[in-house]
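Reading the structure
What follows is the residue order along each chain.
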Protein chains: 2
Amino acid sequence: MAAPVAAPPRAAARDGDGDPPEPRRGSGAGPAGPAVPPAAPPAASRYAANIDDIRAAAARLAGHAHVTPVLTCSSIDKLAGRSLFFKCEVFQKGGAFKFRGAFNSVSLLSDEAARRGVATHSSGNHAAALALAAQLRGIPAHIVVPRDAPACKVDAARGYGGRVVLCDPTMAAREAACAEIVAATGATFVPPYDHGPVIAGQGTIALELLEQVPDLDAIVVPVSGGGMISGIALAAKSINPRCLVLAAEPRGANDAADAAASKARGERVCDAPKPETIADGLQARLGELTWPVIRDLVDEVITVSDDEIVDAMRLIMTRMKVVVEPSGAAGLAAALSPAFAASSPRAAAARRVGVILCGGNLDFDARRFWEGWAPAAL
Amino acid sequence: MAAPVAAPPRAAARDGDGDPPEPRRGSGAGPAGPAVPPAAPPAASRYAANIDDIRAAAARLAGHAHVTPVLTCSSIDKLAGRSLFFKCEVFQKGGAFKFRGAFNSVSLLSDEAARRGVATHSSGNHAAALALAAQLRGIPAHIVVPRDAPACKVDAARGYGGRVVLCDPTMAAREAACAEIVAATGATFVPPYDHGPVIAGQGTIALELLEQVPDLDAIVVPVSGGGMISGIALAAKSINPRCLVLAAEPRGANDAADAAASKARGERVCDAPKPETIADGLQARLGELTWPVIRDLVDEVITVSDDEIVDAMRLIMTRMKVVVEPSGAAGLAAALSPAFAASSPRAAAARRVGVILCGGNLDFDARRFWEGWAPAAL
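Residues numbered from 1 in each chain as written. Chains lettered and ligands numbered in written order. Predicted model: local features only at pLDDT ≥ 70, side-chain atom pairs only at ≥ 80, totals over all residues. Heavy atoms only, no water.

Defined as follows: UniProt positions are given in the numbering used here, feature names are shortened, and annotations may be inferred rather than shown by experiment.
Going by the annotation in an unreviewed UniProt entry, the name recorded for chain A is Serine racemase, with Raphidocelis subcapitata given as the source organism. Word for word, the UniProt comment on chain A under Function (unreviewed entry) is "Catalyzes the synthesis of D-serine from L-serine. Has dehydratase activity towards both L-serine and D-serine." For the record of chain A, the UniProt heading Sequence similarities (unreviewed entry) holds the text "Belongs to the serine/threonine dehydratase family."

Laid out in structure tokens, this is it:
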């Protein structure tokens, strides 16, 4: 929603932050700790998108999506014991990273297909992002939203001209309602994450971040369906194979972290229930296209509790002065969790860590928010 | 608190925002509307600070204070009917602009004076800023804080090593307690606003803003004691005499806007009561040093209600994803108020308007906040 007037230039990473400058390693040098051979950059054909698709997406997004700023916060660095670089996708159009993948997908439609419009199902941010991308191209967007989605996200989709259809809060109901609309209108289905152009669009986050802060040891990325983290992993491992890509996943009250379970088992776990978590944007399950990327290129999955997420939200809002939704705070929750250092010696040794603040569409009026946020005040 | 990794470069004003670029006037061109002869730049000696003092302050602050980013928000622009450029001092060290003046003042102390420490009285942000500036120089800071100051601000002063002394919430009690400490310790009193080095430090906000967005028609600045707006007016009128400088002042439930009354009367009103307002940072009265600058260089004073301030807070937090305290939202409240266009034909004609988001130290746990913010949820 908010746009930086300036795109942070590559060279400025040393200048902007008033904190004492740290000794810098050469770009590409890995973290301290046990030496590990660089992973081979992903082959062009192995996955749903590759670095060329991501660079092409960046070219399409130029002048349409915001180059989001990177912020640092010395008081949070002290808590983390590392230097954290927050990629503020909360300032992206639509208030979340989703606009990148949605705009890239809509841009790739032929004029004829575009005229028939687009359709999707989403718990919120992808819905608003696709509605906005469609509005910018002047085509209709049919949006299936589960009834339990945050009101602010549904309102945003409507605000961008999306034709919103509410459905039951199950993936089956979402897919059925969406299929019906596609059959009736000829609209093109734009999946929320399991789609090459969406993955490529989200990957542009990493292109920007590694331009703004070239010598990161690790990037922490919230994971839901896996569109964002697979795009970021494909880009980051191509640019700097030594940069760790770490997933932050809510366990949920029902212990339903499917990315962690899938990585542990070495195959995609498809029977995990929907996680019961305050992070409404992190309740999808890994996709057929995102799983292979996560399997091969994501180094670790760090699971976090809702309490850790709320604590991270409070820190981001009170110390950084940035509004973040629960899903958007999961990355910091992971970076501050004991599980971060425990996940691997290389993670423990990571000094300079990128954290994706992926969304800021917080439903300030929702009782869930008030109760989760500051019970002292109620 | 949060620091941009990059300082927005002057040239980038056209690039960062994804909104369609607007036709740009040459730097220095005034707004449309009736032609008005440029005000003469302030003479070097007439006021407590001048442009040279402000440039010298900027040199002292370089590498210690953050160059805060400027954000734009197309949905808020639509509401305002103008292009607004938000100077995000919420991201300044200490979470407010106050660090600029405090650091400049502490930097100017001789080593011998510095050893005896500094002292001040403040309702919050100046307290934390002075404590931080003193901590950075390794000297003691004695901070007198009225009992009704927001807990988050008092905690911040303590967190930066400030020696906090609470007093009754009256200016007389604040000054008496501070004088006592100065007499006992030999500490140097650093006033919250009525002090040349403080005014010069706050003026650096305008140096940066007019570098980041050179061709502003107006700048809207919240006014309390007047340190920030006098510094900004001295800088802005020197750099671009055609740039309007507009004050945003809370009326308060008791209609106690002393800046508006003083401008109307042409002399400083000293008997106005403390305004009863949610904007806890805007309850001081104009000073002897700030009044002459405001009298001569501030074009208009726009008063706002607490409802307008709360509405502006909500917009900034929900649309821009930036956390702002009530005082920090007063500038947008003024920019969105009918009183803005009504204040003068030149204000009505202003197309590109800077708005200072001066502080983000919001007390999330305070009942006052929850009740004022979203009664729907309570």
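On we go from here.
Overview of the overall build of chain A
Cut-off, in case you're wondering: Labels follow the DSSP assignment, with helices taken as runs of H or I lasting at least four residues and strands as runs of E lasting at least two, numbered in each case from the N terminus. Burial classes follow relative accessibility: with a 1.4 Å probe on protein chains only, a residue under 20% of its type's maximum area counts as buried, one over 50% as exposed, and anything between as partly exposed. Working rule for contacts: check all heavy atoms of both residues, and any pair within 4.5 Å makes them a contact. Under the convention used here, a 1.4 Å probe and the Shrake-Rupley method define accessible areas, while residue burial counts only the protein chains that appear.
If you tally the helices and strands in chain A, you get 16 helices and 11 strands. A burial count over chain A gives 62% of its 378 residues as buried. Intrachain contacts of chain A at a sequence separation of at least 6 include 76% that bridge at least 24 residues. As presented, chain A carries roughly 12800 Å² of accessible surface, and 54% of it is formed by carbon and sulfur atoms.

Examining the sheet that holds strand β4 (residues 118-121) of chain B
Residues and elements named next belong to chain B. Operational definition: When DSSP finds two or more bridges between a pair of strands, those strands are recorded as paired. Whenever a helix is involved, its axis is fitted only over the stretch in contact; in every case the axis is a line through C-alpha atoms, and angles between N-to-C directions fall within 0 to 180 degrees.
Taken in spatial order, the 4 strands line up as β6-β5-β4-β7 in an open sheet, and their pairing is parallel. Looking at which strands have only one partner, the edges of the open sheet turn out to be β6 (163-167) and β7 (188-189). Across the sheet, helix α5 (residues 125-137) lies against β4 and β5 (141-146), angled at about 170° from β5, the strand it touches most.

Section: unusual backbone geometry
Residues and elements named next belong to chain B. At Asp255, a position not held by glycine, the phi torsion is positive, near 50°. Inspection of the secondary structure assignment puts Asp255 in the loop between β9 (244-250) and α10 (258-265). For Asp255, a relative accessible area of 59% gives the class exposed. At Lys321, a residue that is not glycine, the phi angle is positive and equals roughly 65°. Assessed through its relative accessible area of 3%, Lys321 is described here as buried.

Things to note about the environment of Ala218(B)
All names here are of chain B. Inspection of the secondary structure assignment puts Ala218 in strand β8 (residues 218-222). Between the C-alpha atoms of Ala218 and Val353, which are 135 residues apart in sequence, the distance is 4.8 Å. Discounting chain neighbours no more than four positions away, the residues touching Ala218 are Cys243, Leu244, Leu246, Ala350, Arg352, Val353 and Gly354.

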